[in-house]
Structures are given as structure tokens and as C-alpha cells.
Amino acid sequence: LRVNCVRLSEKDEQTHLISGSSDGSVCIWRIQDGDHVLISRFQAHSGSVTCLSVLNLGDEMILATTGNDCKVQIWRIDMKTTEINPNNFLTLDLK
């Protein structure tokens, strides 16, 4: 498993690291007091995740990912529960 891209997200004294990997998965890590905890992992693409971007909006994180599957995925993540609702994302097929 190779990590292809990472982003840091800081909001209200909370820091998260989001990583995209060669197996198409995205991981969200909480960084606190020099330690890290995996709080969410999900399959974002059928190919490698190539890039990601993060926007914090209130209690939600908007995460945009691109992959070798020629898709852009936009995810809404409830940061209170780190729940990802599959109905709350947008797919752009660039083929």
C-alpha cells in the first residue's frame, strides 16, 4: 500500500490528516498530542487516489478526491461522527 497524497485540516484546535492511497482508499486520522488515531477509512476510487483537497464547513468536512479511474468524488463528512453518507457525495466522470 502506497500513500499518494496527503492534506492537513485544522479547525477549532483539531487537526486531521487525510491520506489517499494506491488501493483507492482514503484515511482520516486525528492528530492530537503527538499521537495519531485512524477515525475513518473508506473506498473512494477503483484506482489509485491521485489528489485530494479539503474544505471545512461548520461540523462538516467537504473532501474532493481524484483517482486513476478518471473520476472526481466530492464527499460530505460529518466530523462529529466521521460518518460518510453515500447519498451525500457527487461523482464527476471525466472519461
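The rules behind the values
Residues numbered from 1 in each chain as written. Predicted model: local features only at pLDDT ≥ 70, side-chain atom pairs only at ≥ 80, totals over all residues. Heavy atoms only, no water. Pairing = 2+ DSSP bridges. Helix = DSSP H or I, 4+ residues; strand = E, 2+ residues; numbered from the N terminus. Axes fitted to C-alpha atoms, helices over the stretch in contact; angles between N-to-C directions. Salt bridge = Lys/Arg side-chain N within 4 Å of Asp/Glu carboxyl O. Buried < 20%, exposed > 50% of the residue type's maximum accessible area, 1.4 Å probe, protein only.

Caption draft 1: Quick peek at the sheet that holds strand S3 (residues 25-32). Read across the open sheet, the four strands follow the order S1-S2-S3-S4; overall the sheet is antiparallel. One side of each edge strand has no neighbouring strand; the edge strands of this open sheet are strand S1 (3-11) and strand S4 (35-43). Taken over all neighbouring pairs, the strand axes of this sheet differ in orientation by 20° on average, direction set aside. Of the strand pairs in this sheet, S1 and strand S2 (residues 14-21) are connected by eight bridges, and their pairing is antiparallel. Paired with Val3 across the bridge in S2 is Ser21.

Caption draft 2: Up close: the pattern of salt bridges. Applying the stated criterion across every chain yields a total of four salt bridges. The shortest N-O distance in the salt bridge between Asp12 and Lys11 comes to 2.9 Å. Judged by its relative accessible area of 64%, Asp12 is exposed. On the accessibility criterion, Lys11 (29% relative accessible area) is partly exposed. The closest approach of N and O atoms between Glu60 and Arg76, which form a salt bridge, is 2.8 Å. Within this pair, whereas Glu60 is found in strand S6 (residues 60-67), its partner Arg76 is found in strand S7 (residues 71-78), the two being separated by 16 residues in sequence. The class of Glu60 is partly exposed, set by a relative accessible area of 25%.

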